[in-house]
Every structure is written in structure tokens, then in C-alpha cells.
Amino acid sequence: MIIVLLGPPGAGKGTQGERLAARLDVPKIATGDVLRAAVRDGTPLGLEAKAAMDRGDLVPDDVIMGIMKEALASPAAAKGAILDGVVRTTPQADGVAAMLSDIGRKVDAVLLFDIAEDELVRRLSGRTTCDACQRPFFGREPGELCAVEGHVPTGTLVRRKDDEPDAVRKRLQVYRDQTSPVINWYEEHGPRVVRIDAIGTLEEVEARALHVLGY
């Protein structure tokens, strides 16, 4: 089963993607992760991507789709995969559909993690990040030490500019502008789009997602 995750920043889809991947025993695949792995491993497509990045260019879409195709055709993804952050625009939805068709597969379900904007603003504007390790924290104040149990504090917590309330609302507007057409694309092209209530504990949200997937 190939599952595409959609959802605004702060909805928790990355965390749920990890949990679903572990529960279903399939890999969670993100564009950035497979791109970095291909570059690190020195694959032919990875070398093409590295050459583009070294020139300061964007990695061409056909190279990215080729790297994604290799990841999804690998034995690790034989039972399926969770695609997180892979589809953000309708051209990417087209590209993923064509790439999967080439290997005899398709997107089976699209999970849209749904949450009210006011709650997202509250969540994201309450996030701080360690200036050393980049670990995110919630319910902690800027200026506190990055104290992780079992580790000596290495940095100070800061609030990123893009986590300020006005900046969060702008990010959410960009998301809506990009993602609404993607939702429409999937509704027109067959894979079922299921809205998952993203309010609740990690276990509650995971249970909702598993239920709509038949688990």
C-alpha cells in the first residue's frame, strides 16, 4: 500500500508518518531523505543531483522522480511506503503517479491531517528550537537551556522567525494555495482522500489513521 500524507505545518503528519510506517512495517519516504541518501551513496542519479546542487541549481524534477522510483522499487518498499512531503503541488502529483505506473504501482490512499488554523498558530508559535542541535520543543520558553534527559545541555532555545504568529498564518496560506489543487487532483484521479482529525494524543490520531486504512 502506497500512502501519501498531506497536512499543514504543525499538524503532526511527520510524527504520524513515522508511527504508521513502524506499525505497517514499511519505510517512510521523504524527498529530502532519499535525495541525501542518493548523494551520499554516489548513485548515478545521486551524482546528477550533487552536480546540480554544486552549481547552485535546483535538482531537476526528473532526477528527483528517478531517485524516488529507485526507493519505491527497492525490496524495502515491497510491502508499500508512506510518502511524507513528497507531493506538495499538482505537477508533483502527476510525476508521482507516472513514476509509480512505470513500476506497476499506484497511490492507494491519501491521508489529509486536518486541524483548525487557530490551533496550528497556537502550536507553532509555542514551539522553540535549540540553536545548537535544532531539536524542537513545545511548552518551553526562549532562553531556556536545551536540556534533554541524559544529555548535557548544549544550546539555548530560540523561537524561529517563521514560528511567530503572523509568519505562521502566512505559511498556512501558502500551504492552502498549494495543497487545495492537490486535494482536488487526487479526488479527480481516483485515490481516496481521507481527512484525519489531527487533534488529540499521538495514539488517538494514529488510531484514526489506522482505522481508515483498515487496521
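Our structure is the block above this text.
Residues numbered from 1 in each chain as written. Predicted model: local features only at pLDDT ≥ 70, side-chain atom pairs only at ≥ 80, totals over all residues. Heavy atoms only, no water.

*Asks:* Any chance you could explain the pairing of strand β4 (residues 109-114) here in plain terms?
*Replies:* Walk down a regular strand and you will see the side chains alternate between the two sheet faces. Most of β4 sits out of view: 5 of its 6 residues are buried. Pairing between strand β1 (residues 2-6) and β4: 4 bridges, direction parallel. Bridge pairing links leucine 5 to leucine 111 in β4. Pairing between β4 and strand β8 (residues 192-197): 6 bridges, direction parallel. (Buried < 20%, exposed > 50% of the residue type's maximum accessible area, 1.4 Å probe, protein only. Helix = DSSP H or I, 4+ residues; strand = E, 2+ residues; numbered from the N terminus. Pairing = 2+ DSSP bridges.)

*Asks:* I tried to follow the nonpolar core on my own but got confused; where do I start?
*Replies:* Note on soluble globular proteins: their nonpolar side chains tend to be buried together. Core analysis: the largest hydrophobic core is formed by 33 residues, its most contacted members being Leu83, Val96 and Tyr186. For this core, the secondary structure elements donating two or more residues are β1, α2 (31-41), α3 (44-54), α4 (61-72), β3 (81-84), α5 (90-102), β4 and α7 (165-189). For this core, the element with the most residues is α4, which contributes 7 residues. With 24 residues, the next largest nonpolar core counts Val26, Phe113, Val194 and Ala209 among its residues. (Core = buried A, V, L, I, M, F, W, Y, C linked by side-chain atoms within 4.5 Å.)

*Asks:* Just checking my understanding: could you explain the layout of surface pockets for this structure?
*Replies:* A water-sized probe, rolled over the atoms, reveals where empty space remains. Reported here for the largest pocket is a volume of approximately 660 Å³. Contributions of two or more residues to the lining of the largest pocket are made by α1 (13-24), α6 (117-125), β5 (127-130), β6 (136-138) and α8 (202-212). Looking at the lining of the largest pocket element by element, the count peaks at 4 residues for α1. Split into classes, the residues belonging to the lining of the largest pocket amount to 9 nonpolar, 11 polar and 6 charged. Taken as a whole, the second largest pocket holds about 260 Å³ of empty space. Lining the second largest pocket are Thr31, Asp61, Ile64, Met65, Gly85, Val86, Arg88, Thr89, Pro91, Gln92 and Gly95. (1 Å grid on protein atoms, 1.4 Å probe; cavity = no way out; pocket = protein on both sides within 12 Å on 5 of 7 lines; lining within 4 Å. Points joined across faces, edges and corners; volume = space filled by probe spheres on them. Nonpolar A, V, L, I, M, F, W, Y, C, P; charged D, E, K, R; others polar.)

*Asks:* How do you make sense of the packing of α3 against α4 when you look at a structure like this?
*Replies:* How two helices sit against one another is set out by the angle between their axes and by the gap between those axes. In contact at an axis separation of 10 Å, α3 and α4 are set at 150 degrees when each is read in the N-to-C sense. Looking at the two axes, α3 sits roughly antiparallel to α4. Classified by chirality, the crossing of α4 by α3 is left-handed. Contacts between α3 and α4 pair Leu45, Gly46, Glu48 and Ala49 from the former with Val63, Gly66, Ile67 and Glu70 from the latter. Here the residues of the contact of α3 with α4 are counted per class, giving 4 nonpolar, 2 polar and 2 charged. (Axes fitted to C-alpha atoms, helices over the stretch in contact; angles between N-to-C directions. Parallel < 35°, antiparallel > 145°, perpendicular 65-115°, else oblique. Left-handed = near helix turned anticlockwise from the far one by under 90°. Contact = heavy atoms within 4.5 Å.)

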